[in-house]
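# Summary of the model geometry
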Amino acid sequence: MTTEVVDPVPGAGAPHLPRQTGLVQLLTPEGERVQHPDYAIDVTAEELRDLYRDLVLVRRWDVEATALQRQGELGIWASLLGQEAAQIGAGRALRPDDTAFPTYREHGVAWTRGVDPLHVISLFRGVDNGGWDPVATGFNLYTVVIGAQCLHATGYAMGLQRDGAESAALAFLGDGATSQGEVNEAMIWAASFSAPVVFFCQNNQYAISVPLERQTRIPLYQRAAGFGFPGVRVDGNDVLAVLAVTRAALAAAREGQGPTFIEAFTYRMGAHTTSDDPTRYRLASELEEWKLRDPIARVKAYLSRTGTADADFFADVEAQADELAVRIRRGTTEMADPPGRAMFDRVYAEQTPHLAAQQAQFEAYQAGFEGGGH
Ligand SMILES: Cc1ncc(C[n+]2csc(CCOP(=O)(O)OP(=O)(O)O)c2C)c(N)n1
């Protein structure tokens, strides 16, 4: 078969940008399997069904969390709607010994690392600063400071390299983050030291309200050449292509070939966060166009058309999604506030005398309220 060269958004983008070509795609929006000479991937029927299940479950989690925020149960929520394939594909490409460095939207990657959704939710409810163990899960804590995690990932990767470990770091970033100094510094360091790090950029077309055309004069993946490592653009709504491309980049990193920049070309179908109103800066027709490229629909179409999954399977996945939604809702509303002292426990791995004194002072202050109030 021939290489699929697709213009992801016909007519979109600034007129001065070169035509966007070279998008890696393995599953078309219509659910047809296509081949790519550089990114062959063999997945079993079971693996495909598992990927579908992942996509559906993380979407349900996201929809439930958005509703919970609207009902006042969460302070804010950063929706992944539309970016499920980018996150599941990238997350499932990781090996257990690899480490992911997320921003604040990578709930799908968290899912693939076995992080309990309620741990992520507790962060957005404001009762915790992320209750999962980054070492045990290979999934670092969320980072709200745009781009900072790229430096963390690069430094970590350089550490892996010096330890002689054969594992890699996967840094997540957005299209807007590519304008950030730290991201560019991270890429220079990664290139200079051939660090085993992969930069996974979810180009969801907007940095809050700032469109891609304002961030760059060339397609993002082409920027990697300036740093001296490969850049590849993948259809971010195609879970198979994302899996194949990320797997290859991580393998190259582990083998000492240095970094890769992956631009997952996708779209944020919802708001930037629940505090944002995207109708103020983008057209409804654009969203309608992207709905035709829905990351879940195409896998479902493929599974159905090829007889890889039947109605019972789809019903079972729906039932699992319903169960997950109930668990998330119940878990959120029953979530207890942590004791005030808890914020002192996670500053350093080991408590310092200075911090212990502050903690004692804080506890004495709280005990001064009626009922010892928390
Ligand atoms: C250092 C820094 N500057 C500014 C902000 C405010 N801010 C929050 S999200 C955001 C846009 C990020 O866009 P992008 O990198 O494309 O990621 P997306 O949210 O679209 O996934 C900005 C500027 C911040 N959090 N950190």
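In this report, the structure presented in the accompanying data block is examined. (Residues numbered from 1 in each chain as written. Predicted model: local features only at pLDDT ≥ 70, side-chain atom pairs only at ≥ 80, totals over all residues. Heavy atoms only, no water.)

The secondary structure content of the protein amounts to 15 helices and seven strands. Principal-axis analysis of the C-alpha atoms gives the protein an extent of 75 × 50 × 40 Å. Taken across its 374 residues, the protein has 51% of its residues classed as buried. A separation of at least 24 residues holds for 74% of the contacts in the protein among residues at least 6 apart in sequence. Total accessible area on the protein stands at roughly 16900 Å², and carbon and sulfur atoms take up 53% of it. Here the protein holds 32 positive side-chain charges and 48 negative ones, and the gap between their average locations is 4 Å. (Helix = DSSP H or I, 4+ residues; strand = E, 2+ residues; numbered from the N terminus. Buried < 20%, exposed > 50% of the residue type's maximum accessible area, 1.4 Å probe, protein only. Contact = heavy atoms within 4.5 Å. Areas by Shrake-Rupley, 256 points an atom, 1.4 Å probe, with all protein chains shown as cover. Lys, Arg positive; Asp, Glu negative; His and termini not counted. Charge placed at Lys NZ, Arg CZ, Asp CG, Glu CD.)

Turning our eyes to something else, we now look at empty space enclosed by the protein. Per the counting criterion, the structure on display carries one cavity of 30 Å³ or more. Quantified by volume, the largest cavity comes out at close to 40 Å³. A per-element tally of the lining of the largest cavity places helix H7 (residues 181-192) first, with three residues. Classifying every residue of the lining of the largest cavity gives four nonpolar, two polar and one charged. (1 Å grid on protein atoms, 1.4 Å probe; cavity = no way out; pocket = protein on both sides within 12 Å on 5 of 7 lines; lining within 4 Å. Points joined across faces, edges and corners; volume = space filled by probe spheres on them. Nonpolar A, V, L, I, M, F, W, Y, C, P; charged D, E, K, R; others polar.)

Counted residue by residue, strand E7 (residues 260-265) has six buried out of six residues, so it is predominantly covered. Judged by which residues are buried, E7 turns out to be covered on both faces: Thr260, Ile262 and Ala264 on one side and Phe261, Glu263 and Phe265 on the other are all buried. Direction of pairing for strand E3 (residues 197-203) relative to E7: parallel, over a ladder of six bridges. Across the sheet, residue phenylalanine 200 finds its bridge partner in E7, namely isoleucine 262. Bridge analysis of strand E6 (residues 231-235) against E7 gives five bridges, and the strand direction is parallel. Counted as the bridge partner of valine 232 is isoleucine 262 from E7. Handedness of the E6-helix H10 (residues 239-254)-E7 crossover: right-handed. (Pairing = 2+ DSSP bridges. Right-handed = clockwise from strand over helix to strand, strands pointing away.)

So, on to the site of the ligand. Neighbouring the ligand are 15 residues, the closest being Tyr104, Arg105, Val144, Gly176 and Ala177. The separation between an oxygen atom of the ligand and a polar side-chain atom of aspartate 175 is 3.3 Å. Tyrosine 206 has a polar backbone atom sitting 2.9 Å from an oxygen atom of the ligand. Relative to its unbound accessible surface of 590 Å², the ligand loses 70% to contact with the protein. Classifying every residue of the shell around the ligand by side-chain character gives eight nonpolar, five polar and two charged. (Near = heavy atom within 4 Å. Polar contact = N/O pair within 3.5 Å; in protein donor to acceptor, adjacent residues only side chain to side chain.)

Along the polypeptide, glycine 176 turns up in the loop between strand E2 (169-174) and H7. Put simply, glycine 176 and asparagine 203 are 27 residues apart on the chain and 8.2 Å apart in space, counted from C-alpha to C-alpha. Not counting the four nearest positions on each side in its chain, glycine 176 is found in contact with Ala207 and Gln215.

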